2 protein chains.
Amino acid sequence: MKPTHSPFDSPCKTVTDIISLIGDKWSVLVIKSLGDGRLRFTEIKRSIDGVSQKMLTTTLRGLERDGYISRTVYPTVPMRVEYELTDLGVDLLEPISALGQWAVDNHHRVVSARRRYDGDADMENRALAVHA
Amino acid sequence: MKPTHSPFDSPCKTVTDIISLIGDKWSVLVIKSLGDGRLRFTEIKRSIDGVSQKMLTTTLRGLERDGYISRTVYPTVPMRVEYELTDLGVDLLEPISALGQWAVDNHHRVVSARRRYDGDADMENRALAVHA
DNA sequence: CAGTATCCCGCATGATACTG
DNA sequence: CAGTATCATGCGGGATACTG
């Protein structure tokens, strides 16, 4: 969204730039899916529950543009298109997986935090400091 | 659309659940900001360029609900509210930081991939222009 | 099969004003 | 200071139909 690519971009912007792609609904799932090897369009679609044709295409284009995946067209009839992680994509898989693993390991803590928060919803102030 | 929280949830859903919070525009920046220590509302706001009062509040509430940060109110006049990472938040900081570091280290690769991709698009446009 | 092309809706985000 | 309340809006994302 911000096309300002000055050499003095703050790390903030840089991080946001990368994270924003991660943040969308499907990119991470696609990358994870392709982590097992090259797949055809339909195979990716089947592997990800709930993704629409349009959003999968959009997601794949974004990932390809950023260099995370490669797209190979076989002009047979019917058409055949395969996607595969690039070296960059494989590299990204590492911190992504770490985050994913963290999510799996700590999901219960988040869930119980949510339950507690929602249970205390009727309280006005969640943490009143003792006025020293 | 309340997700069932059975112990047999697909990792897919679990990961998406956590990532979706990461994915929003400001959460990561807030967590990073609080990584340096407890801060007041205004201090966080100042440390993050471009965030509105409303979105910062919304983000902080979400992070508090999920147990990543704690909120402490000092009922002085004027009011004083401090935010701080919880243990869970500190734990999350680790994979987040790894991803952030990756972003900083590899941003140039993404940028050049984008330039190449967009450059190829220009080539196609030129070819079409010849026909016209 | 692997997309494009449209249409449409809801929510995330933002701007502004007000308050304890 | 640290928020709510309200209104406006852009676009993410789904449904559907069409195409090479």
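Note: the structure precedes this text.
What this report covers is the structure whose coordinates are included nearby. (Residues numbered from 1 in each chain as written. Chains lettered and ligands numbered in written order. Predicted model: local features only at pLDDT ≥ 70, side-chain atom pairs only at ≥ 80, totals over all residues. Heavy atoms only, no water.)

### Quick notes on the interface of chain A and chain B
Put simply, the test is: Note on contacts: a residue pair is in contact if any heavy atoms of the two residues lie within 4.5 Å. Computed with a 1.4 Å rolling probe, the buried area is the accessible surface lost when two parts are put together, summed over both parts. A carboxyl oxygen of Asp or Glu within 4 Å of a side-chain nitrogen of Lys or Arg is what we treat as a salt bridge. Any pair of N or O atoms that falls within 3.5 Å is considered a polar contact. Within protein, one atom must be able to donate a hydrogen and the other to accept it, and sequence-neighbouring residues count only if both atoms are side-chain atoms. Working definition: helices are DSSP H or I runs of at least four residues, strands are E runs of at least two. Numbering for both runs from the N terminus.
Contacts between chain A and chain B engage 45 residues on the former and 45 residues on the latter. Summing the contributions of chain A and of chain B, the shared interface buries around 4,700 Å²; its carbon and sulfur component is 68%. Between the two partners, chain A and chain B, sit seven salt bridges. Two residues, R114 of chain B and D66 of chain A, come together in a salt bridge whose shortest N-O distance is 2.6 Å. Between the two partners, chain A and chain B, sit twelve residue pairs in polar contact (both at pLDDT 80 or more). Where the side of chain A that touches chain B is concerned, the elements lending two or more residues are α1 (11-23), α2 (27-34), α4 (53-65) and α5 (87-119) of chain A.

### Side note on the packing of aromatic side chains
Using the following cut-off: To pair, rings of Phe, Tyr and Trp, with the six-membered ring standing in for Trp, must have centres within 6.5 Å; the planes then decide the type, stacked if under 30 degrees apart, edge-to-face if over 60, and tilted in the middle. Between buried and exposed lies partly exposed: a residue is buried under 20% and exposed over 50% of the maximum accessible area for its type, with that area taken using a 1.4 Å probe on protein chains only. Two thresholds decide whether a charge sits over a ring: the Lys NZ or Arg CZ must be within 6 Å of the ring centre and within 35 degrees of the ring normal.
Counted according to the given criterion, the structure contains two aromatic pairs over all chains. With 6.3 Å between their ring centres and 35° between their planes, Y68 of chain A and W102 of chain B make a pair best called tilted. Taken together, the residues Y68 of chain A in the loop between α4 and β2 (69-74) and W102 of chain B in helix α5 (residues 87-131) connect one chain to another. Judged by relative accessible area, which is 10%, W102 of chain B ranks as buried. The ring centre of Y74 of chain A lies 5.8 Å from the NZ or CZ of R80 of chain A, which sits over that ring.

### Notes on the protein's contact with DNA strand D
Quick note on the threshold: A cutoff of 4 Å decides nearness: a residue is near a molecule or strand if any of its heavy atoms lies inside that distance of it. Just so you know the grouping, Ala, Val, Leu, Ile, Met, Phe, Trp, Tyr, Cys and Pro go in nonpolar, Asp, Glu, Lys and Arg go in charged, and all remaining residues, Gly too, go in polar.
Taken together, 17 residues lie around DNA strand D, and K54 and M55 of chain A together with T42, R71 and Y83 of chain B are the ones closest in. When atoms of DNA strand D within 4 Å of the protein are split into backbone and base, the sugar-phosphate part holds 57%. Measuring from a base nitrogen of DNA strand D, one finds a side-chain N or O atom of Q53 of chain B at 3.2 Å. At a separation of 3.0 Å, a phosphate oxygen of DNA strand D approaches a polar side-chain atom of R61 of chain B. The leading source of residues in the surface near DNA strand D is helix α4 (residues 53-65) of chain B, at four residues. Partitioned by chemical class, the residues of the surface near DNA strand D number seven nonpolar, four polar and six charged.

### Things to note about the relation of the copies chain A and chain B
Quick note on the threshold: Here the copies are matched by least squares. The fit uses the C-alpha atoms of residues with pLDDT of at least 70 in both.
It takes a turn of 180° to lay chain A on chain B, together with a shift of 0.0 Å along the axis; the resulting RMSD is 0.1 Å. Look at the turn and shift together and you get a two-fold axis relating the two. Among all residues of chain A, the one whose C-alpha sits closest to the rotation axis is G23 of chain A, at a distance of 1.7 Å. Taken together, the interface assignments show that 82% of the residues at the interface of chain A recur at the interface of chain B, consistent with an identical surface on both copies.

### Brief notes about the pattern of salt bridges
Two side chains bearing opposite charge may form a pair once their charged atoms approach each other closely. Residue and element names in this part refer to chain A. Taken as a whole, this structure holds 13 salt bridges over all chains when the rule is applied. Residue E84 is joined to R38 by a salt bridge in which the shortest nitrogen-to-oxygen separation is 3.1 Å. Of this pair, E84 sits in strand β3 (residues 80-85) while R38 sits in the loop between α2 and β1 (39-40), placing them 46 residues apart in sequence. Taking the relative accessible area as the measure of exposure, R38 reaches 36% and is therefore partly exposed. Via salt bridges that share partners, R38, R80, E82 and E84 belong to a single interconnected network.

### Topic: the sheet that holds β1 of chain A
Within a sheet, neighbouring strands are paired by backbone hydrogen bonds and run either parallel or antiparallel to one another. All names here are of chain A. Here is the rule we go by: Pairing between two strands requires that DSSP report at least two bridges joining them. Fitting a line to C-alpha atoms yields each axis, with helices limited to the stretch in contact; the angle taken between N-to-C directions then spans 0 to 180 degrees.
The strand order across the open sheet built from three strands is β1-β3-β2, with neighbouring strands paired in antiparallel fashion. Because the sheet does not close on itself, it has two edges, and the strands there are β1 and β2. Direction of pairing for β2 relative to β3: antiparallel, over a ladder of six bridges. Bridging from a neighbouring strand, R71 pairs with Y83 of β3. The strands touched by α2 are β1, β2 and β3; relative to β3, the strand with the most contacts, the crossing angle is about 95°. Across the sheet, α4 is in contact with β2 and β3; its angle to β2 comes to roughly 115°.

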